[in-house]
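# Residue-level structural notes
In case you want the letters, here they are:
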Amino acid sequence: MSEATQPNVELMTELLEAGVHYGHQTKRWNPKMRNYILEEKNSIYIIDLALTIEQIQQATQFLRDLVRGGGKVLFVGTKKQAQGAIAEAAEATGHFYVNQRWLGGTLTNLTTIRRSVGRLKEIQSLEKSPAFAKINKAEASSIRREGAKLLHNLGGISEMAKLPDVMVVIDTVREEIAVAEANRLGIPVIAIVDTNSNPDKIQYPIAGNDDAIRSIRIVLSKLVEAILEGKGTHAKARPSELAAVAE
């Protein structure tokens, strides 16, 4: 077996063990995913992992080169199964994320979003100041609630002063608005596309199960690894950051 083939065998095993090949029930599918489906088994579509591996390689090469040139990544995944992994991937790589709620206009109306971020930082600064102790309890409680809500929705993009260079998405059906905004602005999208997805809207689709936590984490771990390699911090970061994303 050649050296080039061996990593693919190892990756295939990882993907199989994580259940990346399990698509949706056959009654829930998008015909545009036909070319990525290997077979039907017990009314479930089985994804062709040979194609998935090729797509992962294409996506990771793109990410590696983009980050090496200083590009910024926005991770998006608001479904429960993805929230933790999305935050961990962004934090491990020093990039941005949305894992609670996609606010319409996050990309297409970034100026308004930045004003909300400004308000968040204003509240955070106020809470740390001596003046906050002098505010009456009702007003202080209202300010805290406002700050908590803003942090909940915007914490992962509080430092995103300009548009990202690429967006990584988990579940393109759920994150349809986010994908549409990226498409409108010409921002490339890397996404796990399940058998109910439309891969035509994704520049770097990765056919796979976007519902299982293990599946989401194993794909994200490969993307994180590529980003860290692009930053030149891969060897140092791998033991902790990669493990956190993949587990």
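A brief look at the structure comes next. Just so we're clear, the structure is a prediction, and the values are computed from it rather than from any experiment.

This part takes up the nonpolar core. Membership of the largest hydrophobic core comes to 36 residues, with the highest contact counts inside it found for Leu15, Leu63, Val73, Phe75, Ile190, Leu220 and Leu223. It is helix 7 (residues 213-231) that provides the largest number of residues to this core, a total of 9 residues. Residues Val76, Leu110, Leu120 and Ile143 belong to the second largest nonpolar core, which totals 33 residues.

Turning our attention to the packing of helix 4 (residues 110-128) against helix 5 (residues 137-154). Where helix 4 contacts helix 5, the axes come no closer than 9 Å and their chain directions differ by 130 degrees. Relative to helix 5, the element helix 4 is oriented oblique. Note on packing geometry: the crossing formed by helix 4 with helix 5 is left-handed. Judged by residue contacts, Ile113, Ser116, Val117, Arg119, Leu120, Ile123, Gln124, Leu126 and Glu127 of helix 4 engage Ile143, Arg144, Glu146, Gly147, Leu150, Leu151 and Leu154 from helix 5.

Spatially, 5-4-6-7-8 is the arrangement adopted by the 5 strands of the open sheet, whose pairing is parallel. Two strands in the sheet have a free side with no partner beyond their single neighbour: strand 5 (96-98) and strand 8 (204-207). In this sheet, adjacent strand axes meet at a mean angle of 15 degrees when their direction is disregarded. In the sheet, strand 7 (residues 189-193) pairs with strand 8 via 4 bridges, with the strands oriented parallel.

A word on helix 7. For an α-helix the count is 3.6 residues per turn, leaving residues at separations of three or four pointing the same way. Along its 19 residues, helix 7 runs 26 Å from first to last C-alpha, staying within 8% of the 27 Å computed at 1.5 Å per residue. Counting buried positions along helix 7 gives 15 out of 19 residues, so the element sits mostly inside the fold.

Mapped onto the secondary structure, glutamine 55 falls in helix 2 (residues 49-68). Overall, the relative accessible area of 7% leaves glutamine 55 in the buried class. A polar side-chain atom of glutamine 55 sits 3.4 Å from the main-chain carbonyl oxygen of proline 205. The contact partners of glutamine 55, leaving out residues within four places of it in the chain, are Tyr36, Pro205, Ile206 and Ala207.

A word on the environment of glutamate 225. Position of glutamate 225 among the secondary structure elements: in helix 7. Between the C-alpha atom of glutamate 225 and that of arginine 68, which follows or precedes it by 157 residues, the distance is 13 Å.

Below, the discussion takes up the environment of aspartate 65. Residue position: aspartate 65 is located in helix 2. Exposure remark for aspartate 65: the relative accessible area of 40% places this residue in the partly exposed category. Along the primary structure aspartate 65 and alanine 148 are separated by 83 residues, whereas in three dimensions their C-alpha atoms are 36 Å apart.

Taken as a whole and judged by the stated rule, the model has 2 aromatic pairs. Centre to centre, the rings of phenylalanine 62 and tyrosine 204 are 4.5 Å apart; their planes meet at 25 degrees, and the pair counts as stacked. You can see phenylalanine 62 sitting in helix 2 and its partner tyrosine 204 sitting in strand 8, a full 142 residues away along the chain. Accessibility expressed as a relative area gives 23% for tyrosine 204, which makes it partly exposed.

Further remarks concern the packing of helix 3 (residues 80-93) against helix 7. Running from N to C, helix 3 and helix 7 point in directions that differ by 10 degrees, and their axes come no closer than 10 Å. As far as their axial angle goes, helix 7 and helix 3 are roughly parallel. Across the interface between the two elements, Gln81, Ala82, Gly84, Ala85, Ile86, Glu88, Ala89, Ala92 and Thr93 from helix 3 touch Ile213, Ile216, Arg217, Leu220, Val224, Ile227, Leu228 and Lys231 from helix 7. Broken down by class, the residue content of the contact of helix 3 with helix 7 amounts to 11 nonpolar, 3 polar and 3 charged.

Relative to strand 3 (residues 44-47), strand 1 (residues 22-25) is paired through 2 bridges, and the arrangement is antiparallel. Considered in strand 3, the bridge of glutamine 25 is made with isoleucine 44. Relative to strand 3, strand 2 (residues 37-41) runs antiparallel, the two being bridged by 4 bridges. In the strand pairing of strand 3, isoleucine 37 is matched with isoleucine 47.

Cut-offs and rules
- Residues numbered from 1 in each chain as written.
- Predicted model: local features only at pLDDT ≥ 70, side-chain atom pairs only at ≥ 80, totals over all residues.
- Heavy atoms only, no water.
- Core = buried A, V, L, I, M, F, W, Y, C linked by side-chain atoms within 4.5 Å.
- Buried < 20%, exposed > 50% of the residue type's maximum accessible area, 1.4 Å probe, protein only.
- Helix = DSSP H or I, 4+ residues; strand = E, 2+ residues; numbered from the N terminus.
- Axes fitted to C-alpha atoms, helices over the stretch in contact; angles between N-to-C directions.
- Parallel < 35°, antiparallel > 145°, perpendicular 65-115°, else oblique.
- Left-handed = near helix turned anticlockwise from the far one by under 90°.
- Contact = heavy atoms within 4.5 Å.
- Pairing = 2+ DSSP bridges.
- Expected span 1.5 Å × (residues − 1).
- Polar contact = N/O pair within 3.5 Å; in protein donor to acceptor, adjacent residues only side chain to side chain.
- Phe/Tyr/Trp six-rings, centres within 6.5 Å; stacked < 30°, edge-to-face > 60°.
- Nonpolar A, V, L, I, M, F, W, Y, C, P; charged D, E, K, R; others polar.

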